[in-house]
Structures are given as C-alpha cells and as structure tokens.
Amino acid sequence: DQHSPELAVLAESLGYRRVWVYDSPALGADVWVTLARIAERTKRIELGPGVLVPGLRHVMVTAAAIGTVESIAPGRVVVAVSTGFTGRVLLGERSMRWAAVEDYVRTLKGLLRGEEVEWEGRVMRMLHPDGAVARRPIRIPIVITTNGRKGLEVARRVGDGVMSGGFPSSGFGWSIVVGGGTVLDDDEDPSAPRALAAAGPFVTSLYHLFYELPGLGMKVEELPGGESWRAEVDAIPKAVRHLRLHESHLVRVDERDRVLVTGETVTALSWTGRASELRERFAQYEAQGATEIFFEPTGVDIAREITAFARAVGLPGSRARSPR
C-alpha cells in the first residue's frame, strides 16, 4: 500500500535482509509498482513479490517487470512463485495446476537469460533495447512456495529454493519458513487487546486458507471453533462468498471472525510469544533445515511489529530502537 516504501526503509535500517510484497490485485496495490517504489527508496535490502501468481500475467509481462525493477535495484531482486490463494480466489478462480506453474517458471527463466522461448505455441524473446530494462542475461533467484508434495517436486526441478508456511521443508539449501504473529512485551498476556489486534488477522487468514484450499492437508473444522465458523461461512450466498470471506484479509478481524481470535489461538497458530520463546522456536526450525524466516506482520501498527521482531531475533539495526 502507500506506506510500503517507508516501511521498507525502516526494515532496511533494522537489518532485515529482504522485503516481500503481496501479489493480490483485489486486496493491495500493484506488486511491481510497489516494488519499484521500494527499490528507489532503499539501497541494500532485497525485494520481490511474495508470492507471484503466474496466472495473473503473461510471462513476458512478468519478465519485463522483473527487468525493470532489476534495472533500479541491480542484484537485489528475488521472486517467490506459487499457484495462488487470494490472488486467484478473489477473481472467482481456483488455484493453478502445478504443471502450469512449472512451465511458467521455466519459460520465465529462459526469457530472462535472453533466449528465444516458446509459449502457447508462439516464439518470444525479450527485445528491449539498452536502458529499457536490465541487460540480459538477468539472473534472479526464484523460490517456489508450497507445503505439498507436488510443489516440492516443482521446487526441486525449476526452483532455486522453497518457501513453506509454518514449518521448514527439508532437503533444500534455501528453505524459507513463513509465519506471522506478534512479539509480546515482557508483562503482556497473549489475550491482551493489543496482542489480539496484532496477531488476529494472521490467525484468521489461516481459517480462510484452509477453507478455500482444503487440499493443503488441514480441514478448517480441525481448527479451534472451525466447525461452527464454517457453517456460518457456508451460509453466505456462493456467488459472493469469496468476497465476504476475504474483504478484511490480513488487515483486520471481521465481526464474523472475532470469536476465533483468543489468547489460545494466537499462541497455538501464530508466532506470538515473548522474544526468548520465539528465538527457541526459530532455533528448532533451523535444526530442521530452515535457512530463513519470513515474518508476515499484520494489524494496525506494522512499524511496531517489524521493530519488535527485529529486536527479538537480534537484527543489528534494532539495538538502539524499541517498539513503539
């Protein structure tokens, strides 16, 4: 959104290595415009879509976008790709097939190398003159975001790493774990209003995720309060159900979802805890093969969340700062 560039500047000053931007057109600002704005405001931090949804753009459009941002921030662009969640659902579409994602990534890499590639029966090549986008070959890392077997197979074939929600995927030299929540103050309870407001949108997004994508291995009924919540969502007319379900996704907790957000659920389903507890959890992830933590802040005070998290994990720029 409009605050993303200034938050990226803060993240860079705190010592974060990367900043990721959502690719969900019905919920947020255009991902590539936002990344270009961030690239112009920052000097060191790496940046990219987290995650890119191939079905939203022709592969040449994506290649040109990558080349544009790479020309502004050379050596700092990274891309995460997956089958799509809200980026597809809120357009009335379902997630893409993994075979289509694999073909897209393979073709995209060929374009960025400057090769002639075949796409949908036609031959293409990036013909941009010098100064339009970064010169070919453009070598940027592409990670595959998945928690399932098919996605992991695609990651091994065409990815440079893997990004997974909630737990690490072993067997990869680059394994990113995604999660959200809030760092509790020393005297703060997880059921405190501030903690619930900060972690609640992430927690409810998991209910949204498992409702829309039951094939991920978890049924929403298995989550606390999930059975009665599902019945309420099922009662929404099907034609507009996806709109009603996601209209506050990762921003705030709707009245319908409020019953789901308790001290118990934010503790069980998110990275909500004191700094020492979070460090212990991340050490366990590292022992299981994780090489990187992707913190997904939510709530109304993102600056506080990323500052508190930086302090909790000991990022170098956080030592002179304190959460607001």
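Residues numbered from 1 in each chain as written. Predicted model: local features only at pLDDT ≥ 70, side-chain atom pairs only at ≥ 80, totals over all residues. Heavy atoms only, no water.

### Some details on the overall build of the chain
No. 1: Each helix and strand in the chain was counted, giving twelve helices and nine strands.
No. 2: What you see for the chain is a C-alpha radius of gyration of 20 Å, in line with the 20 Å of a compact globule of 324 residues.
No. 3: Projected onto its principal axes, the C-alpha positions of the chain cover 55 × 50 × 40 Å.
No. 4: Burial status across the chain gives 54% buried among its 324 residues.
No. 5: In the chain, the proportion of contacts linking residues at least 24 apart, taken out of those at least 6 apart, comes to 66%. (Helix = DSSP H or I, 4+ residues; strand = E, 2+ residues; numbered from the N terminus. Rg over C-alpha atoms; globule rule 2.2 N^0.38 Å. Buried < 20%, exposed > 50% of the residue type's maximum accessible area, 1.4 Å probe, protein only. Contact = heavy atoms within 4.5 Å.)

### Quick look at the nonpolar core
No. 1: Core analysis: the biggest nonpolar cluster contains 64 residues, and Tyr16, Trp32, Ile66 and Val79 have the highest contact counts within it.
No. 2: For this core, the leading source of residues is helix α5 (residues 98-112), giving seven residues.
No. 3: Ignoring anything within four residues of it in the chain, the contact list for Ile66 reads Trp32, Val77, Val79, Leu108, Leu112, Ile138 and Ile140.
No. 4: Core analysis: the second largest hydrophobic core is formed by 17 residues, Leu196, Tyr207, Val220 and Val233 among them. (Core = buried A, V, L, I, M, F, W, Y, C linked by side-chain atoms within 4.5 Å.)

### A closer look at the pairing of strand β2 (residues 46-49)
No. 1: Where strand β1 (residues 18-21) and β2 come together, four bridges link them in parallel fashion. In the strand pairing of β2, Val21 is matched with Pro49.
No. 2: Of the crossover connections in this fold, the one passing from β1 over helix α2 (residues 31-41) to the parallel β2 is right-handed. (Pairing = 2+ DSSP bridges. Right-handed = clockwise from strand over helix to strand, strands pointing away.)

### A word on the sheet that holds strand β9 (residues 292-295)
No. 1: Overall, parallel pairing links the five strands, which are arranged β3-β6-β7-β8-β9 in an open sheet. Sheet topology places β3 (79-81) and β9 at the edges, where each strand pairs with a single neighbour. Between one strand axis and the next, the sheet turns by 30 degrees as a mean value, whatever way the strands run.
No. 2: Here three bridges tie strand β6 (residues 142-145) to strand β7 (residues 161-165), and the two strands are oriented parallel to one another. Residue pairing across strands places Ile144 opposite Val162, the latter belonging to β7. (Axes fitted to C-alpha atoms, helices over the stretch in contact; angles between N-to-C directions.)

### Remarks on unusual backbone geometry
No. 1: Of the consecutive residues Gly50 and Val51, the connecting peptide bond is found in the cis state with omega at 10 degrees.
No. 2: Tracing the backbone through its elements, the reader meets Val51 in the loop between β2 and α3 (59-72).
No. 3: The omega torsion across Arg136 and Pro137 is 0 degrees, close enough to zero to call that bond cis.
No. 4: Looking at the element boundaries, Pro137 is found in the loop between β5 (122-124) and β6.
No. 5: The phi angle at Leu250 is positive, at roughly 60 degrees, despite the residue not being glycine.
No. 6: The topology assignment puts Leu250 in the loop between α9 (238-246) and α10 (263-269).
No. 7: Residue Leu250 is classed as buried on the basis of its relative accessible area, which comes to 15%.

### Section: helix α11 (residues 275-287)
No. 1: Compared with the 18 Å implied by 1.5 Å per residue over 13 residues, the 19 Å span of α11 between its first and last C-alpha is a close match.
No. 2: All of the buried residues along α11 are Leu278, Phe282 and Tyr285. Seen end-on, α11 carries its buried residues on one side only, within an arc spanning 50 degrees. Opposite the buried face of α11, by more than 90 degrees, sit the exposed residues Glu280 and Ala287.
No. 3: Its buried side turned inward, α11 meets β8 (175-179), β9 and α12 (302-313).
No. 4: Immediately beyond the C-terminal end of α11, within one or two residues, lies Gly289, with a positive phi of roughly 115 degrees. (Expected span 1.5 Å × (residues − 1). Arc of directions from axis to C-beta.)

### Observations concerning the pairing of β7
No. 1: Burial runs high along β7: four of the five residues are buried.
No. 2: Handedness of the crossover joining β6 and β7 through helix α6 (residues 149-158) is recorded here as right-handed.
No. 3: Bridge count between β7 and β8: four bridges; the pairing is parallel. If you follow Gly165 over to β8, its bridge partner there is Val178.

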